[in-house]
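Observations on the model geometry
Each chain, written out:
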2 protein chains.
Amino acid sequence: MNDNYQLLRRHFEELVELTDEEWDFIRPHFKDKKLKKRQFLIQTGQQVEHEYWIIKGLLKSYAIDEKGNEHILQFALEQYWVSDYNAFQNQQPASIYVDCIEDSEFFALSLESREIICKEVPAIANFFRLKSNNGFVSLQKRILSLLTQTAEERYHALEEKLPHLIQRVPKKLIAAYLGVSRETLSRFKL
Amino acid sequence: MNDNYQLLRRHFEELVELTDEEWDFIRPHFKDKKLKKRQFLIQTGQQVEHEYWIIKGLLKSYAIDEKGNEHILQFALEQYWVSDYNAFQNQQPASIYVDCIEDSEFFALSLESREIICKEVPAIANFFRLKSNNGFVSLQKRILSLLTQTAEERYHALEEKLPHLIQRVPKKLIAAYLGVSRETLSRFKL
DNA sequence: TATTTTTTGTGACCTATATCACACCTAAAG
DNA sequence: CTTTAGGTGTGATATAGGTCACAAAAAATA
């Protein structure tokens, strides 16, 4: 339990420095939460009061289109942050789902808590700024991959980037992430 | 000229509050720059020392694939920020191009300047954090549109979001942004 | 104005990927 | 164990969209 907070502190310290006093101030703002496989962290229409840092487990954030097809925005692994950021930041009803692919454990941070710790501890504001910048860059890369690569090339790129993930989740979810049908995905590989 | 700085100040003040002293501190970090149509702001391989706030004009940021096709990441209009953020933040060689679709004018902010003003003026750190969060959310929406919509649906969505833009740039650039060939784009519309 | 370059439309044809249908297999649940 | 629900592979066929080719229109430049 305590170890998990240590993990979180180290996560912050990958990008910024924190004094013990600063850490003591921010630590209580993170609330532990656990969910089992197939349980929802966020559902469309709901208010989104938190963002979550994943201690253990695996989740997916996704939208469902009119035809009922699932389209995955993000696979969220250990040490990742996840939420419906549009809903969270702009305090609007959620427009995506987030649920657990495996039993998972997180730290929940509310919007008020985030604003408080960002205000009181400039290093944390910087952490979130840098984190968000990195997230922005990752999404740009994904957009370029959707614009420039074939589904098969995207599959191989993912295989290279997160080899572990492909073993860990059903192929149909990989397909829903890559933007290709399960059948077509099953026809490439090798 | 002075007016442009006023515009920038107002742009910051859409998200955060600034005192006159804070503004006087940050203002000199923004350097005026102008380019004409077809000139490059950033080219692949170059070091990227600045991000830019657009006072006037229109630019595109894009990648070129092996077949020589252009894929547009962003159209950057007045009041938008643009750079190769991966290259800028991680101080790596640029992997995209940014050039002017129209004669343009910007304020350039160096990475050092950004870090200085973020450190000295917490409101500015917050501004960039919020801005980056919003950018992240926009890119997520674009990814979802690429995953869930047909090219024609994406065209109509863009038409609705930025009607003005469609008049302002050649259709082949709209096609390069939507991820569709110019011929196919020319076949929908109405 | 004349001339070159860029943009746009449209036909003919091709290809990646979607969809539907079914069989098999594996893993969880009773 | 046995049963049920997911997960996976593969054929047959349909379709959105790509590619190539050419001509007309519009815009930039001389």
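Presented here is an overview of the structure given in this document. (Residues numbered from 1 in each chain as written. Chains lettered and ligands numbered in written order. Predicted model: local features only at pLDDT ≥ 70, side-chain atom pairs only at ≥ 80, totals over all residues. Heavy atoms only, no water.)

The helix and strand inventory of chain A stands at nine helices and eight strands. Relative to a compact globule of 190 residues, whose C-alpha radius of gyration would be 16 Å, chain A shows 18 Å and is just as compact. Considering only C-alpha atoms, chain A reaches an extent of 55 × 35 × 30 Å along its principal axes. Pairs at least 24 apart in sequence give 69% of the contacts found in chain A among residues at least 6 apart. (Helix = DSSP H or I, 4+ residues; strand = E, 2+ residues; numbered from the N terminus. Rg over C-alpha atoms; globule rule 2.2 N^0.38 Å. Contact = heavy atoms within 4.5 Å.)

Scanning the entire structure with this criterion turns up 20 salt bridges over all chains. Counted as one network, the salt bridges with shared partners bring together A:E51, A:R114, A:E115 and B:R129. (Salt bridge = Lys/Arg side-chain N within 4 Å of Asp/Glu carboxyl O.)

Our focus in this paragraph is the interface of chain A and chain B. Contacts between the two partners involve 35 residues from chain A, matched on the other side by 35 residues from chain B. Both sides of the chain A and chain B interface together cover about 3,300 Å² of buried area, and 67% of this is carbon and sulfur. The largest per-residue losses of area from chain A upon contact with chain B belong to A:R129, A:I143 and A:L147, which jointly make up 21% of the total buried on that side. The interface formed by chain A and chain B contains two salt bridges. Salt-bridge contacts for B:R129 lead to A:E115; the nearest nitrogen and oxygen are separated by 3.0 Å. Counting every contact that joins chain A to chain B gives seven residue pairs in polar contact (both at pLDDT 80 or more). Looking at the side of chain A that touches chain B, the elements that each hand over two or more residues are β5 (70-76), α3 (85-90), α4 (111-120), α5 (122-148) and α8 (171-178) of chain A. If one sorts the elements of the side of chain A that touches chain B by residue count, α5(A) sits on top with 18 residues. Partitioning the side of chain A that touches chain B into residue classes produces 18 nonpolar, 11 polar and six charged. (Buried area = accessible area lost by both parts, 1.4 Å probe. Polar contact = N/O pair within 3.5 Å; in protein donor to acceptor, adjacent residues only side chain to side chain. Nonpolar A, V, L, I, M, F, W, Y, C, P; charged D, E, K, R; others polar.)

All right, on to the sheet that holds strand β6 (residues 81-82) of chain B then. Residues and elements named next belong to chain B. Overall, antiparallel pairing links the four strands, which are arranged β1-β8-β3-β6 in an open sheet. Two strands in the sheet have a free side with no partner beyond their single neighbour: β1 (31-35) and β6. Relative to β6, strand β3 (residues 50-56) runs antiparallel, the two sharing two bridges. Following the sheet pairing, Y52 is matched in β6 by V82. The sheet contacts of helix α1 (residues 2-13) involve β3, β6 and β8 (104-110), and relative to β3 the element is tilted by about 110°. (Pairing = 2+ DSSP bridges. Axes fitted to C-alpha atoms, helices over the stretch in contact; angles between N-to-C directions.)

With that settled, consider the nonpolar core. A:F12 and B:F12 are the most contacted members of the largest nonpolar core, which has 98 residues in total. Once residues within four sequence positions are removed from consideration, A:F12 is found in contact with A:L18, A:W23, A:I26, A:F30, A:W81, A:I124, A:F127 and A:F128. (Core = buried A, V, L, I, M, F, W, Y, C linked by side-chain atoms within 4.5 Å. Buried < 20%, exposed > 50% of the residue type's maximum accessible area, 1.4 Å probe, protein only.)

Residues and elements named next belong to chain A. Tracing the backbone shows C100 in strand β7 (residues 97-100). Taking the relative accessible area as the measure of exposure, C100 reaches 3% and is therefore buried. Residues C100 and K172, 72 residues apart in the sequence, show an inter-C-alpha distance of 15 Å.

For the rest of this paragraph, the subject is the protein's contact with DNA strand C. As a structural note, the neighbourhood of DNA strand C is formed by 18 residues, with A:S181, B:K171, B:R182, B:R187 and B:K189 the closest of them. Close to the protein, within 4 Å, the atoms of DNA strand C are drawn from sugar and phosphate at a rate of 41%. Here a base oxygen of DNA strand C and a side-chain polar atom of A:R187 are 3.1 Å apart. B:K171 places a polar main-chain atom, nitrogen or oxygen, 2.6 Å from a phosphate oxygen of DNA strand C. (Near = heavy atom within 4 Å.)

Our focus in this paragraph is the relation of the copies chain A and chain B. Under the fitted operation, chain A is carried onto chain B by 0.0 Å of movement along the axis and a turn of 180°, and the coordinates agree to an RMSD of 0.0 Å. Given the turn and translation reported, the copies of this chain are related as if by a two-fold rotation axis. Looking at the interface residues of chain A, 100% of them are also at the interface in chain B, so both copies use one shared face. (Least-squares fit on C-alpha atoms with pLDDT ≥ 70 in both.)

With that settled, consider the sheet that holds strand β3 (residues 50-56) of chain A. All names here are of chain A. The four strands are arranged β1-β8-β3-β6 in an open sheet whose pairing can be described as antiparallel. A strand with exactly one partner marks an edge of an open sheet, and here the two such strands are β1 (31-35) and β6 (81-82). Packing of helix α1 (residues 2-13) onto the sheet brings it into contact with β3, β6 and β8 (104-110), and relative to β3 it is tilted by some 110°.

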